[in-house]
Amino acid sequence: MNNDTRSYVVNLLESCQERKRKIALLHYELEHPARTSEAEMIGAMALGHGTGSGGGRTEGHVSDKTLYIALNYQSKVDKLNADTKEEIVVQLVELEQEQKRLEYYVSLLQKRQSALIQAIYFDECSLDEVAERLGIAPRTVRTVKRAALEQLVGMYEYVECVDKP
């Protein structure tokens, strides 16, 4: 068993709840993007007006140049918003794939191993709680956990070998 792969799998399991929180946050950001409306943008840019003391401008006058700048700025903001959304999507897809892969591999374990790993890492139960939940001794929990981790590491190592040409 490769220690790097073992560390990777243990880290995946231990960071499971944090990954779920990040996934939820990114979903929220996609559903509720922070945007500036076109009216707000043009209104903010169009405040340039004369003081009324000559110069031929009346108060509230918006020059063509100011409108051009505002509209150009709005297109830049739209591009930035789209780029930000794309970055969120890329990160979200990566996190979800990692989480789904982990959950699937855990589901492939023996029933007791799978239930134990889910309880410890997905439900954040203590070893004593898991022992009580599964009706086994705490020492057995440690033994089953060790065997389950070996199985998971074996799965990740196998797929790693298959992915390499």
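The numbering scheme is per chain: residues are counted from 1 as the chain's sequence reads. Where totals are concerned, whole chains, interfaces and linings use all residues; where local detail is concerned, this predicted model gives features only for residues with pLDDT of at least 70, and gives and counts side-chain atom pairs only at 80 or more. Side-chain metrics rest on all non-hydrogen atoms present in the structure, leaving aside hydrogens and water.

Whenever Lys or Arg places a side-chain nitrogen within 4 Å of a carboxyl oxygen from Asp or Glu, that contact is recorded as a salt bridge. Summed over all chains, the structure comprises four salt bridges. One salt bridge connects D83 with K79, and the closest N-O pair in it is separated by 3.1 Å. With D83 and K79 both in helix 4 (residues 64-107) and four residues apart, this pair spans about one turn of that helix. A run of DSSP states H or I qualifies as a helix once it reaches four residues; a run of E qualifies as a strand once it reaches two. Both are numbered from the N-terminal end.

Soluble globular proteins tend to pack their nonpolar side chains together in the buried interior. Counting 27 residues, the largest nonpolar core has L13, V106, L116, I117 and L152 as the members making the most contacts within it. Secondary-structure elements contributing two or more residues to this core are helix 1 (3-14), helix 4, helix 5 (111-122), helix 6 (127-134) and helix 7 (138-163). Not counting the four nearest positions on each side in its chain, I117 is found in contact with L13, V106, L109, F122 and A148. Throughout this description, the term nonpolar core refers to a set of buried Ala, Val, Leu, Ile, Met, Phe, Trp, Tyr and Cys residues connected via side-chain atoms within 4.5 Å. Each residue gets one of three labels from its accessible area relative to the maximum for its type: buried under 20%, exposed over 50%, partly exposed in between, using a 1.4 Å probe on protein chains only. Of all hydrophobic cores here, the second largest spans five residues; its members include I23, L26, L92 and L95. Whether two residues touch is decided by their heavy atoms; if any such pair falls within 4.5 Å, the residues are in contact.

Okay, the packing of helix 5 against helix 6 next. To obtain each axis, a line is fitted to C-alpha atoms, and for helices this fit is confined to the stretch in contact; angles are then taken between N-to-C directions over 0 to 180 degrees. Running from N to C, helix 5 and helix 6 point in directions that differ by 140°, and their axes come no closer than 10 Å. The angle between helix 5 and helix 6 falls in the class oblique. Pair helix 5 / helix 6 crosses with right-handed handedness. Residue-level contacts link R112, A115, L116, A119 and I120 of helix 5 to L127, V130, R133 and L134 of helix 6. Lys, Arg, Asp and Glu make up the charged group, whereas Ala, Val, Leu, Ile, Met, Phe, Trp, Tyr, Cys and Pro make up the nonpolar group; the residues left over, Gly among them, are polar. Classifying every residue of the contact of helix 5 with helix 6 gives seven nonpolar, no polar and two charged. An angle below 35 degrees is treated as roughly parallel, one above 145 as roughly antiparallel, one from 65 to 115 as roughly perpendicular, and anything else as oblique. A crossing counts as left-handed when the near helix is turned anticlockwise from the far one by less than a right angle, and as right-handed when that turn is clockwise.

Our next topic: helix 1. For helix 1, with twelve residues, the first-to-last C-alpha span of 16 Å sits near the 16 Å given by 1.5 Å per residue. Listed in full, the buried residues belonging to helix 1 are T5, V9, V10, L12 and L13. Buried residues of helix 1, viewed axially, fall in a sector of 155°; they line one side. Away from the buried face of helix 1 by more than 90 degrees, exposed residues N3, D4 and E14 are located. Expected helix span is taken as 1.5 Å per residue step, with the number of steps being one fewer than the number of residues. The directions considered for the arc are those from the helix axis to the C-beta atoms.

Chain-level statistics for the protein give a pLDDT mean of 85 and a share of 78% at 70 or above. Within the protein, helix 5 carries the highest mean pLDDT (96), whereas helix 3 (residues 38-45) carries the lowest (62). Throughout residues 49-54 the model reports pLDDT below 50, and contacts reaching past four residues in sequence, or to other chains, amount to eight contacts. The predictor attaches a confidence to each residue, called pLDDT, with possible values from 0 through 100.

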